[in-house]
Amino acid sequence: MNIRKYIKIYFIFFVALFYAQENTTNQTQESFFIQVKIELKETRAAVKNADVFVNGKQFYYSEIKDFYNVEARIGDQLVVSHSDFEDVYYTIKSNEEIKILVEGITEISSKLLKRKNRKQDNYNTYLDSAQFYKKIDIDKSLYFIENAIKSGNSKERNSHTYKVLADIYLHWKQYDLAVTNYKLSNQIKEDLSTKIKLGTAQYLLKKYEESKKTFLEIKDENLSFYEKIIVLESLGDIYFAQKKYIETKKYYNLAFNEAKQHNVTSKLTDISSKLATVYSAEGKIKLAAKGFNKALNFAKKEDLKRVLLEEEKVAEFLNSSKKYDQEIELRKKSLEKTAQENNSKEKINNEDAVTPQKINYKIGNAYILKEDYKEAISYLEESRTEAKKNKDIVVEKDATRRISEVFSNLGEYDKALKNYQKYVALVDSLYIGKEQEIQQVKRFSKKIADNQNRILSLEKDKELADSKINLAYIDSRLSEESNKSQRIIIYSLIGGFFLMILLVYFMYRNSQQQKIANNLLALKSMRSQMNPHFIFNALNSVNSFIAVNDERNANRYLSEFSTLMRSVLENSDEDFIPFTKELELLELYVKLEHNRFKDKFDYEIKIGKDINLEQFAIPPMLLQPYIENAIWHGLRYRKEKGKLEISMKLKNPDVLSVVILDNGIGRKKSEKLKTKNQLKQKSKGMSTIKNRIAILNSMYKDKISVKVSNALENGEGTKVELILKKN
């Protein structure tokens, strides 16, 4: 039987004659609270589980006050959403109470009605609980989603449930799962607000073309004015990410005009700031400065948090423009405001928060850029103190490093060394914390994937239950149409067989995709382990120069080391980079080590004339640990001056051989000289490389192989040969 819903929405407004027209003008400038009541027309029972939004901000039902207490201004748009009726849109015209009467008529079969009467309908309760725990506890939230799916008995409810599930994943930054569930919700029942969220999730997943397609499909639909602002702004964000600045400015300006027409201050601030960022990227400094000032003026109409965030953007712009005096002056004003912010009831608790320790650090950094080192020290010390008090180890680490650099520039090397040692200790602590964080992310991702698979299996169970009902109905008519029923059963079995094959295929495909995702996460984890290992060794080299007061070599080494680190960090997120880039990194690294151990070895890099290195790609920092072992554990212990040779030649047009050859003391002698800690560190470093190669070979079909052997028969010297396949 077809299901139809007829929804009649009645708005009853009570406008007191006490307010004169001039008061209305004032209300457009200031926000106020409105009582919003949503009731069933037949019984006047309150609807307590609707989603009520004003300009994207959600408001909840108050059991104490018996209504939705909504903050808004005249001209704002009220949106009421619920799984059992169509979305309601209303533009606020006064600060009087708003009452919404709803009437839903749903035609259902008598069997379903009897079953519903026997069993209590807890769907809305489960969904409310899922939304309540959305930002608090994802496990509880997903538990209630599972129960809501079991309780849902209509297309509208199922669509709404998957939308809420996608919202949960979006909040916890599981953007791929959010995209999947928004698509599923929209397939069950098309909805413009769901498509907007789908486009947002695709953008956050960096699927820019897919996100652009989603937003372009709906930008001319019958959207509310706030939704239209979001769509236009999102298109601007996508084009900016793609560095298409003409299209970016076009959509930002359209969004700005729409926000200005409806006086949506928060969006006027956002878009003004984003336009200024575009002008800055184009090198149009005057227009950028004008845009940032406009954004700051709009922010002052909101709240203190927003002002601080915009002042931070303006200060960063002034820094990039080398206007350090203006930057310092603005940051000092922000510092005063943070004292007010910290005393307020509501605080910002996220990575983007503007905190005293961050502001003090950046003021100190600006003084350093001005070469006013003495003034910089007090702000950096204050930054470190605040960071330690607030357990912000990242800022504490950075401030300590800068303090060490300032004392070094002032010639106070004892203080510089003392602070540098504190910095190294903080780096160690941070590294341990990052390792723990990676493990937590891996466990969290696995838990989320298990929950998603369980939720999808519930939907399959429901489909299977529906199939059983249909089979029972067919069985009841076997006596009347025996031959026809037999054919239907046979066809059903064949169809079921093919469905099972498809199900197995999709389960296998999902398993493979999960395996790839796990491999990528493992590679990222290993890269994050390699980078600190490499950094610590290089920093120890700097420490050795400082220890012997060799300031010139320390400065030169730091300069070359910073160039190397910049290249390493640029390539750290890639599985493969062009071999030419890897060769540049190796040349710079070997040069750094040779500067330190000039009396220990000479080196030579040989490249075959017939090799086109542009045609080959290699995982970043794959060869460096082998070269490091050759220098630190082989050549460094030679009594006479040794030699390191790195050679590249083609085995065939598609296979490149890279040989790292040294005439050091050999692996056996090196093992005997090492301490227990060194043995442990080497084992960990080499095992990480082996694991990287194993995972990459499983993903790219045996692209890399490495062979380590003695260079000479007496056990001295080491030869490492890496075989790399093209494409």
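Caption draft 1: Representation of the overall build of the chain. If you tally the helices and strands in the chain, you get 24 helices and 16 strands. Per-residue burial for the chain yields a buried fraction of 43% across its 727 residues. A separation threshold of at least 6 residues defines the contact pool for the chain, and within that pool the share at least 24 residues apart is 66%. If you sum the accessible surface of the chain, you get close to 40,800 Å²; carbon and sulfur atoms cover 51% of it.

Caption draft 2: Representation of the packing of helix α12 (residues 285-299) against helix α13 (residues 304-320) in the model. α13 packs onto α12 with a crossing angle of 165 degrees between their chain directions and a minimal axis gap of 9 Å. One finds that α12 runs roughly antiparallel with respect to α13. For the pair α12 and α13, the crossing hand works out as left-handed. Together, Ile285, Ala288, Ala289, Phe292, Ala295, Leu296 and Ala299 of α12 and Arg306, Val307, Glu310, Glu311, Lys313, Val314 and Phe317 of α13 make up the contact between the two elements. Broken down by class, the residue content of the contact of α12 with α13 amounts to 10 nonpolar, no polar and four charged.

Caption draft 3: Spotlight on the confidence of the model for the chain. Of all residues in the chain, 77% attain a pLDDT of 70 or more, and the chain-wide mean is 77. Across the chain, the secondary-structure element scoring lowest on mean pLDDT is strand β1 (residues 10-13), at 31, and the one scoring highest is helix α8 (residues 208-218), at 93. Predicted confidence is poor over residues 344-349, with pLDDT under 50, and the contacts of this stretch with residues over four places away or in other chains come to seven contacts.

Caption draft 4: Seen up close, the sheet that holds strand β11 (residues 601-607). Spatially, β11-β13-β14-β16-β15 is the arrangement adopted by the five strands of the open sheet, whose pairing is mixed. Among the strands making up the open sheet, the edge pair consists of β11 and β15 (704-710). The sheet shows a mean angle of 15 degrees between the axes of neighbouring strands, direction not considered. Two strands pair when backbone bridges link them, and strand β14 (residues 655-662) and strand β16 (residues 718-725) are joined in this way by eight bridges, in the antiparallel orientation. Bridge pairing links Ile660 to Val720 in β16. Strands β11, β13 (642-652), β14 and β16 of the sheet are contacted by helix α21 (residues 579-596), whose axis makes an angle of about 165 degrees with β11. Packed on one face of the sheet, helix α22 (residues 624-633) meets β11, β13, β14, β15 and β16 and runs near 150 degrees to β13.

Caption draft 5: Representation of the nonpolar core within the structure. The biggest cluster of nonpolar side chains holds 49 residues, and the ones touching the most others in it are Phe579, Ile627 and Leu644. At eight residues, α21 tops the list of elements feeding residues into this core. Sequence-distant contacts of Phe579, that is, excluding residues within four places in its chain, are made with Leu613, Phe616, Ala617, Ile618, Leu623, Met648, Leu656, Val658 and Leu724. If you look at the next biggest cluster of nonpolar residues, it comprises 33 residues, including Phe225, Tyr251, Tyr279 and Ala288.

Caption draft 6: Focus on the side chain of Lys163. With respect to the helices, strands and loops of the structure, Lys163 is situated in helix α5 (residues 155-171). Within polar-contact distance, the side chain of Lys163 engages the side chain of Ser193 at 2.6 Å. Each residue touching Lys163, except ones within four places of it in the same chain, is listed here: Tyr182, Ser185, Asp191, Ser193, Thr194 and Lys197.

Caption draft 7: Geometry of helix α6 (residues 175-188). Between its terminal C-alpha atoms α6 stretches 20 Å, which fits the 20 Å expected from 14 residues at 1.5 Å a residue. Among all positions of α6, only Tyr175, Leu177, Ala178, Val179, Asn181, Tyr182, Ser185 and Asn186 are buried.

Caption draft 8: Geometry of the pairing of strand β9 (residues 98-102). Buried residues dominate β9, accounting for five of its five residues. Because side chains alternate across β9, one face comprises the buried residues Ile98, Ile100 and Val102, and the other comprises Lys99 and Leu101, equally buried. Pairing of strand β2 (residues 32-40) with β9, which is carried by five bridges, proceeds in the parallel orientation. Residue pairing for β9: Leu40 is matched across the bridge by Val102.

Caption draft 9: Spotlight on a nonpolar patch on the surface. On the surface, Ile490, Tyr491, Ile494, Phe497, Phe498 and Ile501 cluster together into a nonpolar patch covering about 640 Å² of accessible area. Its location among the elements puts Phe498 in helix α19 (residues 482-547).

Caption draft 10: Focus on the packing of aromatic side chains. Enumeration according to the criterion identifies 13 aromatic pairs in this entry. Ring geometry for Phe497 and Phe498: centres 5.9 Å apart, planes at 70 degrees, overall edge-to-face. Judged by its relative accessible area of 52%, Phe497 is exposed. Linked through ring pairs, Phe132, Tyr133, Tyr143 and Phe144 together constitute an aromatic cluster. One cation-aromatic arrangement involves Lys703 over Phe576; the distance from NZ or CZ to the ring centre is 5.4 Å.

Caption draft 11: Geometry of the pairing of β16. Buried residues dominate β16, accounting for six of its eight residues. Here seven bridges tie β15 to β16, and the two strands are oriented antiparallel to one another. Residue Lys707 lies in a different strand from β16, and its bridge partner there is Glu721.

Caption draft 12: Summary view of the packing of α5 against helix α7 (residues 192-204). The contact between α5 and α7 brings their axes to 11 Å, and the two run at 30 degrees. Here α7 runs roughly parallel to α5, going by the angle between their axes. The handedness of the crossing between α5 and α7 is left-handed. Together, Lys163, Asp167 and Leu170 of α5 and Ser193, Thr194, Lys197, Ala201 and Leu204 of α7 make up the contact between the two elements. Taken together, the residues of the contact of α5 with α7 break down into three nonpolar, two polar and three charged.

Caption draft 13: Structural view of the pattern of salt bridges. Within this structure, the stated rule accounts for 35 salt bridges. A salt bridge links Glu233 to Lys274; the shortest N-O distance between them is 2.7 Å. Taken as a pair, Glu233 in helix α9 (residues 225-241) and Lys274 in helix α11 (residues 265-282) lie far apart in primary sequence, 41 residues in all. Take Glu233: its relative accessible area is 5%, and that puts it in the buried class.

Caption draft 14: Up close: the environment of Ile138. Mapped onto the fold, Ile138 is located in helix α4 (residues 138-151). Given a relative accessible area of 5%, Ile138 falls into the buried group. Distance from Ile138 to Trp172, taken between C-alpha atoms, is 8.0 Å for residues 34 residues apart in sequence.

Caption draft 15: Summary view of helix α3 (residues 123-132). Among the residues of α3, those classed as buried are Tyr123, Leu127, Ser129, Ala130 and Gln131. Residues of α3 that are buried sit in contact with β3 (51-54), α4 and α5.

Caption draft 16: Spatial organisation of the environment of Glu671. Note that Glu671 resides in helix α23 (residues 667-673). With a relative accessible area of 33%, Glu671 lands in the partly exposed category. Spatially, the C-alpha atoms of Glu671 and His633 are 8.4 Å apart, while their sequence positions differ by 38 residues.

What counts and how
- Residues numbered from 1 in each chain as written.
- Predicted model: local features only at pLDDT ≥ 70, side-chain atom pairs only at ≥ 80, totals over all residues.
- Heavy atoms only, no water.
- Helix = DSSP H or I, 4+ residues; strand = E, 2+ residues; numbered from the N terminus.
- Buried < 20%, exposed > 50% of the residue type's maximum accessible area, 1.4 Å probe, protein only.
- Contact = heavy atoms within 4.5 Å.
- Areas by Shrake-Rupley, 256 points an atom, 1.4 Å probe, with all protein chains shown as cover.
- Axes fitted to C-alpha atoms, helices over the stretch in contact; angles between N-to-C directions.
- Parallel < 35°, antiparallel > 145°, perpendicular 65-115°, else oblique.
- Left-handed = near helix turned anticlockwise from the far one by under 90°.
- Nonpolar A, V, L, I, M, F, W, Y, C, P; charged D, E, K, R; others polar.
- pLDDT = per-residue confidence, 0-100.
- Pairing = 2+ DSSP bridges.
- Core = buried A, V, L, I, M, F, W, Y, C linked by side-chain atoms within 4.5 Å.
- Polar contact = N/O pair within 3.5 Å; in protein donor to acceptor, adjacent residues only side chain to side chain.
- Expected span 1.5 Å × (residues − 1).
- Patch = residues over 30% accessible without salt bridge, like charges linked within 9 Å, V, L, I, M, F, W, Y side chains within 5 Å.
- Salt bridge = Lys/Arg side-chain N within 4 Å of Asp/Glu carboxyl O.
- Phe/Tyr/Trp six-rings, centres within 6.5 Å; stacked < 30°, edge-to-face > 60°.
- Lys NZ or Arg CZ within 6 Å of the ring centre and 35° of its normal.

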